[in-house]
Amino acid sequence: MSLHELVGHREARLAVGRAFTAGRLPQALLLHGVPGVGKQRFGLWVAQLLLCERPTEGAPCGTCQGCRLSTRVEHPDLHWFVPVKKPPSRGSPQRDDEALEDARRERIEELRARPLQPTHSADPLGLHLGTIRNLRRRAASRPSMASRQVFLVANAEELVSQEASPEAANALLKLLEEPPASLYFILTSAEPGRLLPTIRSRTSSLHLPGLTSEMVSVFLQEQRGVDVDQADALARLSSGSIGRALGYLPGEDEEEGPLEALRKESFRLLRDALSDDPAHRFSRALQYAPSGARGLRELLLGLEVWLRDLAAAREAPEALLNRDAGDWLVRTVEELGIDPAAVARSMEALHDARAQAAGNVNPQLLLSGLMIRLNRTLVSPRPTSLKGVEDQLRESGVPRRPG
Ligand SMILES: [Zn+2]
């Protein structure tokens, strides 16, 4: 099975193509952009260009053996590293490295068989120390078919794992800093801020912007046979990301898509936050495990979309992203008297919760605290609390009441 055509990113293609033709394509590229926007697919296109036998006008020819093997992800000089779940130890460092390599191959095999996978994972994945050792071993060997080797390292921010020893990071950094002429590295990241600064500074970064809703919609219709109305709705919901749009569709087993399940879950969170019964908020928060707040990231993203919709419900109902909940949104905004300024304040609560989630606090505490703040800001907004006035006075340099 071949990869689907690269969608969009015309500017980036032209930029890479021009640099390639001029012989100035950086040997260490960092592709960044929102999750699911096509960074790895774009990276594979760059790899194909580098491994093509007859590139023309800064683009791969599409027909040579190098191109055919690249688009089937079977080229021996194309090395695709993706984060994997850490396999159980096999008893020695060397055998553990082999286990990681097996896990990587298995994942690539899956991607080869079913390239249209949603950008979402419930399991914590990592680029482990052993994976970096495996990468170095391959980098030390000579290209086997083309004149160069290309390493595509997906979600490079996952290199910053607790176990990544300075040695491993340094080994990769050395390769990035002075790569042999035959080596090219393409790193991708949706969170370049989490990358080691030394990695950021040794790569040339290229931003891949979100696709248009139309591109995403057409892709869903053509590649997944989604009808036009649903494709349009999902394209809006996924804000320019094919990988996310795929996450709303049911899987092969007809099971609900992972992002669709999260959309509903974040809706229930909002509904309970707005409820006037605090017991609802409390019992909702208790449904979560007391640890693992980083897993809440997607849920909080989903909640952000619902908050945006609350802001749009009255003034711009045509801009709603959760269009199937339009009636509920309009009714709720009217009944509770929610105005856009209140939503803006609630967004601050959400951003704070997101920062806390990154710090791995107790999810139950995080969510109950967030729901209380959402209730206060959305349902019964007070202009400024007394504490708020004091803070403002302090910030403006006015001395506080003596005593
Ligand atoms: Zn070619």
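Residues numbered from 1 in each chain as written. Predicted model: local features only at pLDDT ≥ 70, side-chain atom pairs only at ≥ 80, totals over all residues.

1. Describing the overall build of the chain
Thought 1: Helix and strand counts for the chain stand at 17 helices and 5 strands.
Thought 2: Taken over 403 residues, the chain has a buried fraction of 38%.
Thought 3: When contacts within the chain are restricted to residue pairs at least 6 apart in sequence, those whose partners lie at least 24 apart make up 73%. (Helix = DSSP H or I, 4+ residues; strand = E, 2+ residues; numbered from the N terminus. Buried ≥ 20, exposed ≤ 12 C-beta atoms within 10 Å, placed from the backbone. Contact = placed C-beta atoms within 7 Å.)

2. A look at the environment of A146
Thought 1: Among the secondary structure elements, A146 is positioned in the loop between helix 5 (129–140) and strand 3 (149–153).
Thought 2: If sequence neighbours within four positions are ignored, A146 has contacts with L51, G66 and D77.

3. A look at the nonpolar core
Thought 1: In terms of nonpolar packing, the biggest core is built from 66 residues, with V46, A47, F81, V150, L152 and I186 touching the most fellow members.
Thought 2: Among the elements that line this core, the one with the most residues is helix 2 (residues 39–51), at 8 residues.
Thought 3: Residue assignment places this core across two domains, with domain 1 (10–207) and domain 2 (211–249) each supplying three or more.
Thought 4: Not counting residues within four places of it along the chain, the set of residues in contact with F81 comprises R104, L127, T131, L135, F151, L152, V153 and A154. (Core = buried A, V, L, I, M, F, W, Y, C linked by C-beta atoms within 7 Å. Domains from an automatic or database assignment.)

4. Description of the pairing of strand 2 (residues 78–81)
Thought 1: Of the two faces of strand 2, both are covered, the one formed by L78 and W80 as well as the one formed by H79 and F81.
Thought 2: Pairing analysis gives 4 bridges linking strand 2 to strand 3, with the strands arranged parallel. Looking at the pairing, H79 lines up with F151 of strand 3. (Pairing = 2+ DSSP bridges.)

5. A closer look at the environment of Y184
Thought 1: Along the chain, Y184 falls in strand 4 (residues 183–189).
Thought 2: In this structure the C-alpha to C-alpha distance between Y184 and E53, which are 131 residues apart in sequence, comes to 16 Å.
Thought 3: Apart from residues no more than four positions distant in its own chain, Y184 is found in contact with Q27, L50, R148 and V150.

6. Quick notes on the packing of helix 12 (residues 278–286) against helix 16 (residues 363–378)
A packed helix pair is summarised by two numbers, namely the angle formed by the two axes and the spacing between the axes.
Thought 1: Relative to each other, helix 12 and helix 16 sit at 155°, their axes nearing to 8 Å. Taken together, the axes of helix 12 and helix 16 lie roughly antiparallel to each other. Considering the relative orientation of helix 12 and helix 16, their crossing is right-handed. Together, R281, F282, R284, A285 and L286 of helix 12 and Q364, L367, S368, M371 and I372 of helix 16 make up the contact between the two elements.
Thought 2: Of the residues belonging to the contact of helix 12 with helix 16, the class tally is 6 nonpolar, 2 polar and 2 charged. (Axes fitted to C-alpha atoms, helices over the stretch in contact; angles between N-to-C directions. Parallel < 35°, antiparallel > 145°, perpendicular 65-115°, else oblique. Left-handed = near helix turned anticlockwise from the far one by under 90°. Nonpolar A, V, L, I, M, F, W, Y, C, P; charged D, E, K, R; others polar.)

7. Focus on the confidence of the model for the chain
Thought 1: For the chain, per-residue confidence averages 88 on the pLDDT scale, and 91% of positions sit at 70 or higher.
Thought 2: Within the model, the stretch residues 398–403 combines pLDDT values under 50 with 4 contacts to residues more than four positions away or in other chains. (pLDDT = per-residue confidence, 0-100.)

8. Some thoughts on helix 5
Thought 1: Taking 1.5 Å per residue as the helical rise, helix 5 with its 12 residues ought to reach 16 Å, and the 17 Å between its terminal C-alpha atoms agrees with that figure.
Thought 2: Turning to helix 5, its buried residues number three or more, namely L129, G130, T131, I132 and L135. (Expected span 1.5 Å × (residues − 1).)

9. A closer look at the domain arrangement of the chain
Thought 1: Assigned domains of the chain: these are domain 1 (10–207), domain 2 (211–249) and domain 3 (257–403).
Thought 2: Computed over C-alpha atoms, the centres of domain 1 and domain 2 are 26 Å apart.
Thought 3: On the domain 2 side, the residues contacting the 10 residues of domain 1 number 10 residues.
Thought 4: Its residues assigned to classes, the side of domain 1 that touches domain 2 comprises 5 nonpolar, 5 polar and no charged.

10. Overview of the sheet that holds strand 4
Thought 1: With parallel pairing, the 5 strands of this open sheet are ordered in space as 2-3-4-1-5. In this open sheet, the two strands that pair with only one neighbour each are strand 2 and strand 5 (204–207). Pairs of neighbouring strands in the sheet enclose a mean axial angle of 20°, with direction left out of account.
Thought 2: Pairing of strand 1 (residues 28–32) with strand 5, which is carried by 4 bridges, proceeds in the parallel orientation. In the strand pairing of strand 5, H32 is matched with H207.

11. Section: the packing of helix 13 (residues 297–315) against helix 14 (residues 326–336)
Thought 1: For the pair helix 13 and helix 14, the least separation of the axes is 9 Å and the interaxial angle reads 85°. On the basis of the axis angle, helix 13 is roughly perpendicular to helix 14. In this structure, helix 13 contributes D309, L310, A313 and R314 to the contact, and helix 14 contributes L329, V330 and V333.
Thought 2: Here the contact of helix 13 with helix 14 is built from residues that sort into 5 nonpolar, no polar and 2 charged.

12. Structural notes on helix 9 (residues 228–237)
Thought 1: Among the residues of helix 9, those classed as buried are A231, A233, L234, A235 and L237.
Thought 2: Elements in contact with the buried residues of helix 9: helix 8 (213–224) and helix 10 (242–247).

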